[in-house]
Amino acid sequence: MGIIGTRIATLSSITVSQVLSSNLDWRDEKLRKILAFTNSVQDAAHQAGFVEARNYRFTFRASLQNIINQNQGPVRISDLQNQFTEYWKNHSDSTGLNQEEAFYYRFFPADYHGKADIEIDYRDAAKKFIPTFKKEFDTRMHWEVLSEFGYNAMIGRTLEKSGASAVKFDEEKIRAIFPAMQEWLNQNNLAMIEEKDLLPFVNGILHRVRTRGGIDHEYLSKFRNASLKLWDLNWMRDNRHFLNKMFHPRARFPRLLTTKSHGQGLLDSTYTNTNNWYRSYYLKSFPLASGYHELVNDFYKKLIDTFTTTGLMNKLGDEEIENYAIEPTIIMIENKVANHVCNTCGSKLLVAASDTISIHTKCLDYTCTGTYSQIQKSKPNYYQLVYNRNLSPRIYASEHTGILERKDRENKEIDFKERPKYNSLNTIVATSTLEMGIDIGTLNTAINNSVPPLTSNFLQRVGRAGRTSGSALITNFAQSEAHDLFYYGEPKDMMEGEIATPGCYLEAKDILYRHFFAYCLDNWSSADPIKNSIPGVFWR
């Protein structure tokens, strides 16, 4: 297989993920591994780190989808959080020897790699994880589950955007809003707002807040109760949480809701003297109602207060920084998805198939006046199939180059060959150091992340795979460089090119000594293979 492109690291990481999780490979997970080659030491280190970090999210999503699929219908996200941690604490080690510890390695947050060493940190004298770490890890996993359908729901290839799973809200609580609001609506000349109009309006507001991260979680508690500062959101100098998601000053914050005037940009405010998203959504949802600013502001104040009394949201903070967040218990997740499309701008709203309110919801785009309507579900897309696979292994990758210390390099070779533990390497990105001469076990897949410089390099690299079965998957990526582009167009010139015989300087005594020593060992072991066997490992 040959692929041309400039984003080699991305394409290579996708290939690694696809091969290691493929349902077409009948072998045990322990035997699945990939050797990738590159021509640069810097590229090897970068690509190994990139492959491991990028595939963390795919592993997490596939693992979460596995739990969602185990439920026969919609499941509350608060229950899903607990199901996720309980299941994977007992199903993370394919050998069954150390399930819970494998769980922590499998889902250790990618953003804390390099900041903490899970091999050493958070352990007691007996090398076991301390209770504080276990509790904090569960809290982080609950955040990740919540974020997949909240803060991150519209970013990247999520379960929701791919159509693998989607959200609906507790419809019983939503239907309780109109009776609680009806008297106020009548008293304020808004009797034209009927239940059939208010329910989809409420649904749209909740989806808006949800996808902007306004869902209650322990990690937001200090931020919500203190002064709405980044310092508190990141739990700086506060060891009550140490695996929390960190936010850069220029990053997108979880947007909580407020009904007061707010100019700091930290909260999503319904209040306006001119126009904002909330007033625009009110006007297009209730075209016959008055759009007077003070009335709209009062309407939202009453509505959000009603959200808290009916259990849709909760309120924290004092009068100056009061803020609202969705109660996680009202969010329901389902693996059957309904696709709703705006009849004007074509934007999509994917919701749980059992949702009965979204069908008349107004488009969530600021300037669009369209309405969502359900369309026929199309065939499963690529990412739906990926997230619903039986296997979702965590990628453990490392570089293998000549600048590594010998002991470090040999430990990686043994770990990759034998894969004795749940967190053993299943992907190595190497330079020419692994082209020949080192036993790394059986391989069925090899990747060239760039076209090798010489035919001999190419043949040695692709020859590492398929030695046992006689067949292998070889993927070659061509970078946008003259050398790579030429051989992409003329691959036979690389595969059938001239191979120069290796030379040897007779004056190089050390090289001659090593070759002679190897020759002696070869003859000694060949004379009596049973008696004169060379151990695979001389020391550890």
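From a predicted model like this one, the values you see are computed outputs, not experimental measurements. Every chain is numbered independently, its residues counted from 1 as its sequence is written. With pLDDT at 70 or above as the cut-off, local features in this predicted model cover only qualifying residues; side-chain atom pairs require 80 or more to be listed or tallied, and sums for whole chains, interfaces and linings still use all residues. Just so you know, side-chain values use all the structure's heavy atoms and leave hydrogens and water out.

### Some details on helix α3 (residues 77–88)
Right, so step 1: Taking 1.5 Å of rise per residue, the 12 residues of α3 would be expected to cover 16 Å, and the 16 Å separating its terminal C-alpha atoms lies within 8% of that figure.
Right, so step 2: The buried label goes to any residue with under 20% of its type's maximum accessible area, the exposed label to any with over 50%, and the partly exposed label to all in between, with areas taken from a 1.4 Å probe on protein chains only. Helix and strand assignments follow DSSP, with helices taken as H or I runs no shorter than four residues and strands as E runs no shorter than two, numbered in order from the N terminus. Every buried residue of α3 is accounted for by Ile 77, Ser 78, Leu 80, Gln 81, Phe 84, Thr 85 and Trp 88. Buried residues along α3 cover an arc of 165° about the axis, so they all sit on one side. By this rule the span expected of a helix is its residue count minus one, scaled by 1.5 Å. Here, the arc refers to the directions that run from the helix axis to the C-beta atoms.

### Quick word on the packing of helix α8 (residues 177–187) against helix α13 (residues 293–310)
Right, so step 1: Closest axis-to-axis distance for the α8/α13 pair is 10 Å, and the angle between their directions is 145°. Considering how the two elements wind past one another, α8 and α13 form a crossing that is right-handed. Residues Ile 177, Ala 180, Met 181, Trp 184 and Leu 185 of α8 form the contact with α13, whose own contacting residues are Leu 295, Asp 298, Phe 299, Lys 302, Leu 303, Thr 306, Phe 307 and Thr 310.
Right, so step 2: Charged means Asp, Glu, Lys or Arg here, nonpolar means Ala, Val, Leu, Ile, Met, Phe, Trp, Tyr, Cys or Pro, and polar covers whatever is left, Gly included. When grouped by side-chain class, the residues that make up the contact of α8 with α13 number nine nonpolar, two polar and two charged. Throughout, an axis means a line fitted to C-alpha atoms (over the contacting stretch in the case of helices), and angles, computed between N-to-C directions, take values from 0 to 180 degrees. It is the rotation of the near helix from the far one that decides the hand of a crossing: anticlockwise by less than a right angle makes it left-handed, clockwise makes it right-handed. Two residues qualify as a contact provided that any one of their heavy atoms is within 4.5 Å of a heavy atom in the partner residue.

### A closer look at the pairing of strand β16 (residues 473–478)
Right, so step 1: For strand β15 (residues 445–448) and β16, the ladder comprises four bridges, and the chain directions are parallel. Looking across to β16, one finds that Thr 445 is bridged to Leu 473.
Right, so step 2: A crossover connection joins β15 to the parallel β16 through helix α16 (residues 455–462); in handedness this β-α-β unit is right-handed. If DSSP finds at least two bridges between two strands, the strands pair. Looking down the strands as they point away from the viewer, one classifies a crossover as right-handed if the path from the first strand across the helix to the second runs clockwise.

### Let's talk about unusual backbone geometry
Right, so step 1: Although it is not a glycine, Tyr 122 sits at a positive phi angle of roughly 65°.
Right, so step 2: Looking at where Tyr 122 falls in the secondary structure, it is placed in the loop between α4 (99–107) and α5 (131–148).
Right, so step 3: For Leu 228, which is not glycine, the phi torsion reads 55° and is therefore positive.
Right, so step 4: Its location among the elements puts Leu 228 in the loop between α10 (221–225) and α11 (230–233).
Right, so step 5: By relative accessible area, Leu 228 is classed as buried at 1%.

### Considerations on the packing of aromatic side chains
Right, so step 1: Aromatic rings from Phe, Tyr and Trp, taking only the six-membered ring of Trp, are treated as a pair when their centres fall within 6.5 Å; an angle between ring planes under 30 degrees marks them as stacked, one over 60 as edge-to-face, and anything in between as tilted. All told, the structure shown has 39 aromatic pairs when counted by the stated rule.
Right, so step 2: Look at Tyr 104 and Phe 129: their rings are 5.1 Å apart centre to centre, the planes differ by 65°, and that puts the pair in the edge-to-face class. Of this pair, Tyr 104 sits in helix α4 while Phe 129 sits in the loop between α4 and α5, and the two are 25 residues apart along the sequence.
Right, so step 3: Three or more aromatic residues joined by ring pairs form one cluster here, namely Phe 60, Phe 84, Tyr 87, Trp 88, Phe 103, Tyr 104, Phe 107, Tyr 122, Phe 129, Phe 133, Phe 137 and Phe 242.
Right, so step 4: In our convention, an over-ring charge means Lys NZ or Arg CZ found within 6 Å of a ring centre and within 35 degrees of that ring's normal. The positively charged end of Arg 252 is found above the aromatic ring belonging to Tyr 151, 4.1 Å away from the centroid.

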